[in-house]
Amino acid sequence: MPTHTPTLRARHRASALRTLAFLSPWLIGFGVFFAYPLVSTVYFSLMKYDGFGVPEFQGLDNWTYVFQDYPMFWPALRNTLWLVLVMVTCRVVFGLGIGLLITKIRTATGAFRTLFYLPYLAPPVAATLAFVFLLNPGTGPVNSVLEGMGLPAPGWFTDATWSKPALTALALWGVGDLMVIFMAALLDVPKEQYEAASLDGARAWQRFRFVTLPNISPIVLFAVVTGVIQTMQYYTQPLVAGKVASGIIGGSGQQFEPGYPDKSTLTLPQLVYNLGFQRFDYGAACVVALVLFALSMAFTALLMRRRGGLITAGDR
Amino acid sequence: MTQLLNAPAPPRTAPPEQRPPRRKALLEWIAVHTLGVAAALFFTLPFVFVVLTSLMSDQQALTRDLVPDTWQWENYRKVWDTPGFLTWWRNTLLYAGLGTVLTVVSSLPVAYALAKFRFRGRNLSVMLVISMMMLPPQVVVIPMYLFWAKQLDLSGSLWPLIIPMAFGDAFSIFLLRQFLLTIPDEYLDAARVDGCGELRTLLRVVLPMARPGIAAVALFQFFYAWNDYFGPQIYASENPAAWTLSYGLESFKGAHHTDWNLTMAATVLVMAPVILVFFFAQKAFVEGVTLTGVKG
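Residues numbered from 1 in each chain as written. Chains lettered and ligands numbered in written order. Predicted model: local features only at pLDDT ≥ 70, side-chain atom pairs only at ≥ 80, totals over all residues.

Peer 1: Talk me through the overall build of chain A; I want residue IDs and the actual numbers.
Peer 2: When you go through chain A residue by residue, the secondary structure sums to 13 helices and two strands. Compactness check: chain A gives a C-alpha radius of gyration of 25 Å against a globular reference of 20 Å for 316 residues, more than 25% above the reference. If one aligns the C-alpha atoms of chain A with their principal axes, the spans along those axes are about 75 × 65 × 30 Å. Of all 316 residues assigned to chain A, the portion counted as buried reaches 42%. (Helix = DSSP H or I, 4+ residues; strand = E, 2+ residues; numbered from the N terminus. Rg over C-alpha atoms; globule rule 2.2 N^0.38 Å. Buried ≥ 20, exposed ≤ 12 C-beta atoms within 10 Å, placed from the backbone.)

As structure tokens, this is what we get:
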């Protein structure tokens, strides 16, 4: 035995080195672009710092400022809750519906699938600009049609009540990612189960409820949880929509206070931008960043803890 | 009708049985395709209205008309000739192109190790990759900005966005790992028995088999960079010469106030490349979407 030990150890060391070598790009990236800035964010959340001079320790002042005095924090959190409840739900239901529809379509399936999927690919800034135009109350085609049919024509992105529904419409337009995921899941449901259900006299709704849903429920959960995580990161669309609809635009972005109209499109990531890059209050910006971090990680943990269907870190 | 259809079939003659199902199938076909056409309208009409408006004259774009009286193709020329537009194109191509190459090269070995090597801390590493993937970029942006702007003096350029891509991208690593897991170990063992080192195995055996996965990752990364707004906003906003299309497009609306026609023409020009790329690489893309974590 003792004679074998050195070679074995050497081999172990070689294999460990090899693993390290393969992982090295990510290990460096993890340290420099994740671990270090995360620790640094905690540090700055306790400091008063505007980018010049030396950071000054001020305990939990930034935290009380954000939670008590910063007028945008609670509206942003409320909006996020609204978006999680309404936008995520609508997207999952609509995505599942479109997925079901595409599995039923027998003629020109490929063409339909491509048409349904394309909007998902539209660059967010371009798609948002398009929707601000389509839904603009003055000359927008949507309101022209609505008025033509004698229906009420809301102000959409210019009206605090309707700005989030307008963003939801934009999100539904880009439902292609969920459609593809649901389509794959639906096609995986064993055919025999449908046949067995049919033999038992199950109607269409019952087949959906007792065969389809149980089979795809892990995917539904996956869609919901990733939807929530995406909502935490929701940034470009609400910011650009607010900017463009308000008519205030500029490269510097200095003069625009995010959230137009009336804070109704504020989301947490926009607060980091507002505090850090418009008010130069890096400390308070880091507080919001940490809230965002905690929320994202809580839902990510949910995604990873489920055994089986969801993302699995372990072996197959 | 369903009950009738599904009733246990008694030994009867075929014709009376056949008729109801066919009729039902026809009705279902009509219902499904009506819904399909309605959905297709919902997904395509926004594109149609955007294109139609982009071809209107300045005056007509201020009206509620839906179809241009005269087709103003020179709107696209005007947009193309806008100062800066070509620079935005070049910057976007640099960010998306170079960024994609760097991401693939740096992420593949990591994904390979996470999928095929056995080592302590592997599951933990995968979980950390997933956590990084789910991390909103805004969480670490303050220290990162200070790092790039104050320590390295690189703000006003896209380098703070491109350089990190040489150090593995969490989403790409995750996606590639998911793909590599589907490659049977026997292929790798065979290569190892033949005396291939791991790097050789990766390049000679895994790389050719992983081509669809790599294509999907490259596409996602290209689109990510093309679409990125937050990154250029943080690092490039102070220097218009470093703007990308996604960032510049928004300011375009500002410069043209109410000229929806020109703004929509610019919007089309930003959307078009993405859609073209998609048509060339549709299969890889759809495969990639289904790979993003769904393990049924």
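Peer 1: Break down the interface of chain A and chain B for me, with residues and values.
Peer 2: With 88 residues of chain A in contact, the opposing surface of chain B contributes 81 residues. A total of 17 residues in the side of chain A that touches chain B trace back to one element, the largest contributor, which is helix 1 (residues 5–44) of chain A. Looking at the side of chain A that touches chain B, its residues break down into 59 nonpolar, 21 polar and eight charged. (Contact = placed C-beta atoms within 7 Å. Nonpolar A, V, L, I, M, F, W, Y, C, P; charged D, E, K, R; others polar.)

Peer 1: Explain the domain arrangement of chain A to me, using residue names and the numbers behind them.
Peer 2: All names here are of chain A. Once the domains are mapped, chain A shows domain 1 (5–62) and domain 2 (72–305). Computed from C-alpha coordinates alone, the two centres of domain 1 and domain 2 are separated by 34 Å. On the side of domain 2, nine residues touch domain 1, which itself brings ten residues to the contact. Those elements giving two or more residues to the side of domain 1 that touches domain 2 turn out to be helix 1 and strand 1 (47–48). (Domains from an automatic or database assignment.)

Peer 1: Tell me about unusual backbone geometry, residues and numbers included.
Peer 2: The omega torsion of the bond from Tyr260 of chain A to Pro261 of chain A falls at -5°, within 30 degrees of zero and hence cis. Looking at the element boundaries, Pro261 of chain A is found in the loop between helix 11 (236–246) and helix 12 (268–278). Even without a glycine there, the phi angle at Lys263 of chain A is positive, about 65°. One can find Lys263 of chain A in the loop between helix 11 and helix 12. Look at Lys263 of chain A and you get partly exposed, because 19 C-beta atoms sit within 10 Å. At Asp153 of chain B, a position not held by glycine, the phi torsion is positive, near 55°. Here Asp153 of chain B lies in the loop between helix 6 (141–151) and helix 7 (159–162).

Peer 1: If you had to explain the packing of helix 5 (residues 124–134) of chain A against helix 11 of chain A to someone new, which residues and values would you point to?
Peer 2: Residue and element names in this part refer to chain A. Viewed as axis vectors pointing N to C, helix 5 and helix 11 meet at an angle of 45°, and their least axial separation amounts to 9 Å. Classed by the angle they form, the pair helix 5 and helix 11 counts as oblique. Here helix 5 and helix 11 pass one another in a crossing that is right-handed. Facing helix 5, whose interface residues are Pro124, Val125, Thr128, Leu129 and Val132, helix 11 presents Thr236, Gln237, Val240, Ala241, Val244 and Ala245. When grouped by side-chain class, the residues that make up the contact of helix 5 with helix 11 number eight nonpolar, three polar and no charged. (Axes fitted to C-alpha atoms, helices over the stretch in contact; angles between N-to-C directions. Parallel < 35°, antiparallel > 145°, perpendicular 65-115°, else oblique. Left-handed = near helix turned anticlockwise from the far one by under 90°.)

Peer 1: Just give me the short version of the environment of Met149 of chain A, but keep the residues and values in it.
Peer 2: All names here are of chain A. Its place among the elements puts Met149 in the loop between helix 6 (141–148) and helix 7 (163–173). The exposure class assigned to Met149 is exposed, which follows from the 8 C-beta atoms found within 10 Å. When the C-alpha atoms of Met149 and Pro137 are compared, they prove to be 15 Å apart, with twelve residues separating the residues in sequence.

Peer 1: Explain the domain arrangement of chain B to me, using residue names and the numbers behind them.
Peer 2: Much of the literature gives interface size as the accessible area that the parts lose upon coming together. Domain parsing of chain B yields domain 1 (2–54) and domain 2 (79–291). Split into classes, the residues belonging to the side of domain 1 of chain B that touches domain 2 of chain B amount to two nonpolar, two polar and no charged.

Peer 1: Which residues make up helix 4 (residues 85–116) of chain B, and what are the values?
Peer 2: With 32 residues, helix 4 of chain B ought to run about 46 Å at 1.5 Å a step, and its terminal C-alpha atoms sit 45 Å apart, in line with that. Maximal helix bending in helix 4 of chain B amounts to about 30°, located at Ser107 of chain B; proline Pro109 of chain B follows within four positions. (Expected span 1.5 Å × (residues − 1). Bend = angle between axes of the 7 residues up to and from the residue.)

Peer 1: So what's going on with the packing of helix 4 (residues 109–121) of chain A against helix 8 (residues 176–188) of chain A? Residues and values would help.
Peer 2: All names here are of chain A. Close contact between helix 4 and helix 8 brings their axes to 7 Å; oriented N to C, the two are set at 135°. One element, helix 4, and the other, helix 8, form an angle in the oblique class. Side by side, helix 4 and helix 8 meet where Phe116, Tyr117, Pro119 and Tyr120 of the first sit next to Gly176, Asp177, Met179 and Val180 of the second. Looking at the contact of helix 4 with helix 8, its residues break down into six nonpolar, one polar and one charged.

Peer 1: How would you explain the confidence of the model for chain B if you had to name every residue and give the values?
Peer 2: In low-pLDDT segments, the atomic positions of the prediction should not be examined closely. Residue and element names in this part refer to chain B. On average, residues of chain B score 85 in pLDDT, and 87% of them are at 70 or above. Mean pLDDT across the elements of chain B bottoms out in helix 1 (residues 2–6) (38) and peaks in helix 7 (95). Every residue in residues 1–18 scores below 50 in pLDDT, and together they form 14 contacts with partners more than four places removed in sequence or on other chains. For this predicted complex, the interface score ipTM comes out at 0.88, while the overall pTM is 0.88. (pLDDT = per-residue confidence, 0-100.)

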